[in-house]
Structure formats: structure tokens, C-alpha cells
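As a plain string of letters, each chain reads:
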Amino acid sequence: GDPSLLGKSIYQLPLLPVDQDFPFACAAGILGSADPTSQSSSACAGRCPAGRQCPEEATFKALPCDAGHYCPEGTSVPLPCRAGTYSNATDLVAASDCTDADPGYIATTGATQQTACAKGSYTNTSIVTKDSCTLCDSGTYQDKSGMAACKPCEAGTYA
């Protein structure tokens, strides 16, 4: 050893071969720069803005969030609107920005629009998550789509 190094800080690179280039590119979910020399972690521009996605490392232009999804700050993978909600907007920042399905309609996870329940089925306002339609019970029917209840059969008829 060199006695002149006593008491001084030194930095040592790994003794094993390094198979990666330095500096590292900004990670997915982090906004970088269009200049490759400014793509290192110290030059990253910060977390991807809310309502946008940065899906790959070295992203220098944030992309719109996917329809049917929302993108909080730092998103690399958009999060789907929960079942019973939908959206076709591409700038949502929170799950609460997704729109609740109307009575008589359903929306599956990540839906961009609501879908009417078919004839013979319904959803109602008491159902918290409107992700599936309910078939009408015996003795009831529904002859229209997109309805919130079934009708009782009239005397002398059955369903």
C-alpha cells in the first residue's frame, strides 16, 4: 500500500468485469433528456408528470396516459380504471378521475366506455361495483337494454 493514502477517501470500482455502460439511463417512470449525455441519474428531469407515462428507461418525452387508465406522478405502467368505472380520457391522474358506470350499465377493469346490460338483465344503484349484469329473477322480465330493474310479469304470463 501507499502510505500517502492513509486517512484519505478513495473510491474503488468493482473488481469484476462491468458489462454496463456508465452513466446509467434514467429509469422508467423518470423523465430524462433528449441529449444522451444528459440521460444519467444526476441529469434526469424528475418523476414523470401526473397524467402522463414514461414507460421505458431513457424516456425523454412523456407519453399520454392510456384511455381507461390513470397515471399518477412517476408512472411507468398506467393503472386501469377499476371495475364499474371507465374513461376515454388520456390525462387522468387518480382512480377517482374515472367515471362511475350508470345504473343499467357496466364497465370492466380498464374500460374506455360503459356497456348497456342486455334485455333480460339489469344493474341497479345499490350495486357498488357495476362490472356485471344480473339476470332477471323468475317471475320478472326486462324487454329493454340498459335498465336498472326488472319488471314483474303480468297476471297470466311468465318469464
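These remarks concern the structure in this document. None of these values were measured; they are calculated from a predicted model. (Residues numbered from 1 in each chain as written. Predicted model: local features only at pLDDT ≥ 70, side-chain atom pairs only at ≥ 80, totals over all residues. Heavy atoms only, no water.)

Our next topic: the state of the cysteines. Considering all chains together, one arrives at five disulfides under this definition. Paired through a disulfide, Cys 48 and Cys 54 show a sulfur-sulfur distance of 2.2 Å. In this structure, the disulfide formed by Cys 48 and Cys 54 twists by about 80° around the S-S bond and is classed as right-handed. Cys 54 carries the same exposure label as Cys 48, and that label is buried. Cysteine Cys 153 remains unbridged, with the sulfur of Cys 136 as its closest cysteine sulfur at 8.9 Å. (Disulfide = S-S within 2.5 Å. Buried < 20%, exposed > 50% of the residue type's maximum accessible area, 1.4 Å probe, protein only.)

Before going further, it helps to examine the pattern of salt bridges. Throughout the structure, instances matching the rule amount to two salt bridges. Here Asp 100 makes a salt bridge to Arg 82, at a shortest N to O gap of 4.0 Å. Note that Asp 100 is positioned in strand β8 (residues 99-100) and Arg 82 in the loop between β6 (79-80) and β7 (85-86), a separation of 18 residues in sequence. Judged by relative accessible area, which is 48%, Arg 82 ranks as partly exposed. The partner of Lys 151 in a salt bridge is Asp 143, with the nearest N and O atoms 3.0 Å apart. The class of Lys 151 is partly exposed, set by a relative accessible area of 30%. (Salt bridge = Lys/Arg side-chain N within 4 Å of Asp/Glu carboxyl O. Helix = DSSP H or I, 4+ residues; strand = E, 2+ residues; numbered from the N terminus.)

A positive phi angle is found at Ala 58, which is not glycine, with a value near 65°. With respect to the secondary-structure elements, Ala 58 resides in the loop between β3 (52-53) and β4 (63-64).

Quick look at the environment of Gln 53 now. Tracing the chain through its elements places Gln 53 in strand β3. C-alpha separation for the pair Gln 53 and Asp 91, spaced 38 residues apart in sequence, amounts to 9.7 Å. When sequence neighbours within four positions are dropped, the list of residues in contact with Gln 53 reads Cys 48, Ala 62, Leu 63, Pro 64, Cys 65, Asp 66, Cys 71, Thr 75, Ser 76 and Pro 78. Of note is the side chain of Gln 53, whose polar atom sits 2.9 Å from the backbone oxygen of Pro 64. A distance of 3.0 Å separates polar atoms of two side chains, one belonging to Gln 53 and the other to Asp 66. (Contact = heavy atoms within 4.5 Å. Polar contact = N/O pair within 3.5 Å; in protein donor to acceptor, adjacent residues only side chain to side chain.)

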